[in-house]
Amino acid sequence: MLDSASEILRLQASGEASAVEIIKRSIEQIEASQDKINAYTCVNAELAIRDAETVDVKRKSGQPLGKLAGVPVAVKDILCTTDMPTTCSSKMLENFMAPYDATVVRRLREEDAILVGKTNMDEFAMGGSTETSAFGVTRNPWDNNRTPGGSSGGAAACVASGTVPLSLGSDTGGSIRQPAAFCGVTGLKPTYGRVSRYGLVAFASSLDQVGPIAWSVEDVAVLTDVISGFEPRDSTSLNQEPPCLSSVLQSNDLRGLKIGILEDALNSEGIEPSIRQSVIDAAETFKQAGAEIVEIQLPHSEHYVPTYYVIAPSEASSNLSRYDGAHYGHRSAKVDGDLLASLGPLAATYCKSRSEGFGTEVKRRIMIGTYALSEGYADQYYNQALKVRRLIKSDYDAAFSQVDLLLGPTTPTTAFPLGERLDNPLQMYLVDLFTVGANLAGIPAISLPAGLNSSGLPIGIQLQAPALQESRLIFAGSAYQAMTDFHKLRPDNFSF
Ligand code: GLN
């Protein structure tokens, strides 16, 4: 019941369930799974039930209802909400109450969706395993000893564990698609600018984008339609009417579509053979639907991760400078001793507040970014990375002059055991090998469940499209899901 927004809407429309019943079920599911999975940083049961009552009253009195009326939705704890804290899973913002709702949250409420909670994440969205959260790790619903991925690990796990059918994450270098792949759900990173980031706490402003996670392409399309569109308060938001994605769903006819299969990605070192095979099988499925499959290369793909890990930390070091205990964020209770004597009261407060408020990975990023931007090194690192980014973008342009879509793996491996990569940042960064390209180029990309490996862990495949062509992802992705059953697989302990 709780694994599809369309089913929840149908149950309410036919009178088989009220919004209050649906929300209570969602809350029960959260309570049953939270101890084990820890997908949420905050659950607001009382408020959610009150909102559901309002929807039921509206329905009874025949008032118009929004597109997501009575559907429980969870949002990543990096999106501002006025009725729940927005912590970014950091001690720095523990207890922070935003004075306004993020635009995407406002749009959800306008469509009568019910916000049940905020989801756990890597601190300030920096990471790929949700292990850097200040509020404990999130566990993968398919195997509790493994990571759900990150940084939107809570947003993927809350859907995969059946607590809500829809959630919102953010994707700076893969944070929607990688956890979606690890948790066996569908996740979309829209084109840069398609969805407003007003009220999304900034990590790396030239890369960040908000997007949906759900069990199916159909639900992803519905949620993307709700959150997309122009927001005058966001200077990076596109002033352009988005197309209706829910109207491009397809079952099996992809004639005329040309898909490039990323050969280099399939042959890259360290890729799990079952993932490679799933991409090859997917190409076959697309072919059966009439698509033409060709091999294609993105010549600079080996530079994606290094380029991203210069640009993202550089922007982060600037964005996070506002958290100093005076302007924003945690303020150290006691500044004294040698620190006070050597720095004076202001700098000592900044220093101690930041030392206490940020975790190890965030500090590492701030230091890398500060270094890459510093005088004497900026040309070698930051400015150089911008030039490579341009080449990466040109590669995509060249590829999309030949094909409509690119097909490849979402990740090199399936979900890895908790703790495995935490002390090895480089290994953790390599998880982003196939996802960061879309962020650097600003293009949309979707991860689709593509089966399980021999250990029963979900595999994700990725489709990438030219900027503003989300509809192609939905078109091909929905055909794939109509022709396969991978998106219908559920973890063992999944219950409705
Ligand atoms: N894993 C990447 C990082 O750590 C991506 C994170 C993201 O997309 N928010 O930066």
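Residues numbered from 1 in each chain as written. Predicted model: local features only at pLDDT ≥ 70, side-chain atom pairs only at ≥ 80, totals over all residues. Heavy atoms only, no water.

**Concerning the packing of aromatic side chains**
Okay, so step 1: Throughout the structure, instances matching the rule amount to 14 aromatic pairs.
Okay, so step 2: An aromatic cluster is defined as three or more aromatic residues linked by ring pairs; in this entry it consists of Phe124, Tyr323, Tyr328 and Phe358.
Okay, so step 3: Above the plane of the ring of Phe416 lies Arg421, whose end atom (NZ or CZ) is 4.6 Å from the centre.
Okay, so step 4: Over the ring of Trp215 we find Arg490, and its NZ or CZ is 3.5 Å from the ring centre. (Phe/Tyr/Trp six-rings, centres within 6.5 Å; stacked < 30°, edge-to-face > 60°. Lys NZ or Arg CZ within 6 Å of the ring centre and 35° of its normal.)

**Let's talk about a nonpolar patch on the surface**
Okay, so step 1: On the surface, a cluster of nonpolar side chains totalling about 280 Å² of accessible area is made up of Tyr371, Tyr377 and Tyr381.
Okay, so step 2: Here Tyr371 lies in helix α12 (residues 360-373).
Okay, so step 3: Here Tyr371 falls in the partly exposed class, since its relative accessible area comes to 41%. (Patch = residues over 30% accessible without salt bridge, like charges linked within 9 Å, V, L, I, M, F, W, Y side chains within 5 Å. Areas by Shrake-Rupley, 256 points an atom, 1.4 Å probe, with all protein chains shown as cover. Salt bridge = Lys/Arg side-chain N within 4 Å of Asp/Glu carboxyl O. Helix = DSSP H or I, 4+ residues; strand = E, 2+ residues; numbered from the N terminus. Buried < 20%, exposed > 50% of the residue type's maximum accessible area, 1.4 Å probe, protein only.)

**Looking at the pattern of salt bridges**
Pairing between side chains becomes possible if they bear opposite charge and their charged atoms approach one another.
Okay, so step 1: According to the stated counting rule, one finds 23 salt bridges in the structure shown.
Okay, so step 2: With its nearest N and O atoms 2.3 Å apart, the salt bridge here joins Arg364 to Glu361. Pair noted here: Arg364 and Glu361 are both in helix α12, with a separation of 3 residues, about one helical turn.
Okay, so step 3: Since its relative accessible area comes to 27%, Arg364 is described here as partly exposed.
Okay, so step 4: Among the charged side chains, a network of salt bridges with common partners joins Arg106, Glu110, Glu231 and Arg233.

**Describing the environment of Gly270**
Okay, so step 1: As for its placement among the helices and strands, Gly270 is situated in the loop between α8 (263-266) and α9 (273-288).
Okay, so step 2: Residues Gly270 and Gly344, spaced 74 residues apart in sequence, show a C-alpha to C-alpha distance of 50 Å.
Okay, so step 3: Every residue in contact with Gly270, bar those within four places of it in the chain, is listed here: Pro412 and Thr413. (Contact = heavy atoms within 4.5 Å.)

**Notes on the packing of helix α4 (residues 103-110) against helix α7 (residues 217-227)**
Okay, so step 1: Interaxial distance between α4 and α7 falls to 8 Å at its minimum, and their mutual angle equals 110°. One way to sum up the angle between α4 and α7 is to call them roughly perpendicular. For the pair α4 and α7, contact is made by Val104, Arg107 and Leu108 and by Leu223, Val226 and Ile227, respectively.
Okay, so step 2: For the contact of α4 with α7, a count of residues per class yields 5 nonpolar, no polar and 1 charged. (Axes fitted to C-alpha atoms, helices over the stretch in contact; angles between N-to-C directions. Parallel < 35°, antiparallel > 145°, perpendicular 65-115°, else oblique. Nonpolar A, V, L, I, M, F, W, Y, C, P; charged D, E, K, R; others polar.)

**Observations regarding the site of the ligand**
Okay, so step 1: In the vicinity of the ligand, 14 residues are found, and the nearest of them are Thr172, Gly173, Ser175, Tyr308 and Arg365.
Okay, so step 2: At 3.0 Å from a nitrogen atom of the ligand is found a side-chain nitrogen or oxygen belonging to Asp432.
Okay, so step 3: Coverage of the ligand by the protein amounts to 99% of the 290 Å² it exposes when considered alone. (Near = heavy atom within 4 Å. Polar contact = N/O pair within 3.5 Å; in protein donor to acceptor, adjacent residues only side chain to side chain.)

**A short note on the side chain of Ser129**
Okay, so step 1: Its place among the elements puts Ser129 in the loop between β3 (114-119) and α5 (153-160).
Okay, so step 2: Polar side-chain contacts of Ser129 include one of 2.6 Å to the side chain of Glu131.
Okay, so step 3: Once you skip the residues sitting within four places of it in the chain, Ser129 turns out to touch Asp122, Thr147, Pro148, Gly149, Gly150, Phe416 and Met428.

**Points about the sheet that holds strand β8 (residues 292-296)**
Okay, so step 1: The 11 strands are arranged β1-β3-β2-β4-β6-β5-β10-β11-β9-β7-β8 in an open sheet whose pairing can be described as mixed. Here the strands that pair on one side only, and so sit at the sheet edges, are β1 (40-43) and β8. Pairs of neighbouring strands in the sheet enclose a mean axial angle of 25°, with direction left out of account. (Pairing = 2+ DSSP bridges.)

**Remarks on the pairing of strand β9 (residues 405-409)**
Okay, so step 1: Among the 5 residues of β9, 5 are classified as buried, and the element is accordingly described as predominantly covered.
Okay, so step 2: Here strand β7 (residues 258-262) runs beside β9; their pairing, made up of 3 bridges, is parallel. Residue pairing for β9: Ile259 is matched across the bridge by Leu405.
Okay, so step 3: Note: β9 against strand β11 (residues 458-464), 4 bridges, orientation antiparallel. Each residue of the ladder has a partner; that of Leu407, found in β11, is Leu463.

**Focus: the nonpolar core**
Okay, so step 1: Membership of the largest hydrophobic core comes to 111 residues, with the highest contact counts inside it found for Leu79, Leu108, Phe124, Phe286 and Leu407.
Okay, so step 2: The element contributing the most residues to this core is helix α10 (residues 304-319), with 8 residues.
Okay, so step 3: Residues contacting Phe124, with those up to four places away along its chain left out, are Cys88, Ser90, Met92, Leu93, Val201, Phe203, Leu320, Tyr323, Phe358 and Val362.
Okay, so step 4: Within the second largest apolar cluster, 31 residues are counted, among which are Ile27, Ala48, Val55 and Cys158. (Core = buried A, V, L, I, M, F, W, Y, C linked by side-chain atoms within 4.5 Å.)

**Some words on helix α1 (residues 5-13)**
Okay, so step 1: The set of residues buried in α1 consists of Ala5, Ile8, Leu11 and Gln12. Projected onto a plane normal to the axis of α1, the buried residues spread over an arc of 125° and lie on a single side.
Okay, so step 2: Considering only its buried residues, α1 is in contact with α2 (19-37), α3 (45-60), β2 (72-76), β4 (166-170) and α7.
Okay, so step 3: Note on α1: the residue one or two positions beyond its end, Gly15, has a positive phi of about 80°. (Arc of directions from axis to C-beta.)

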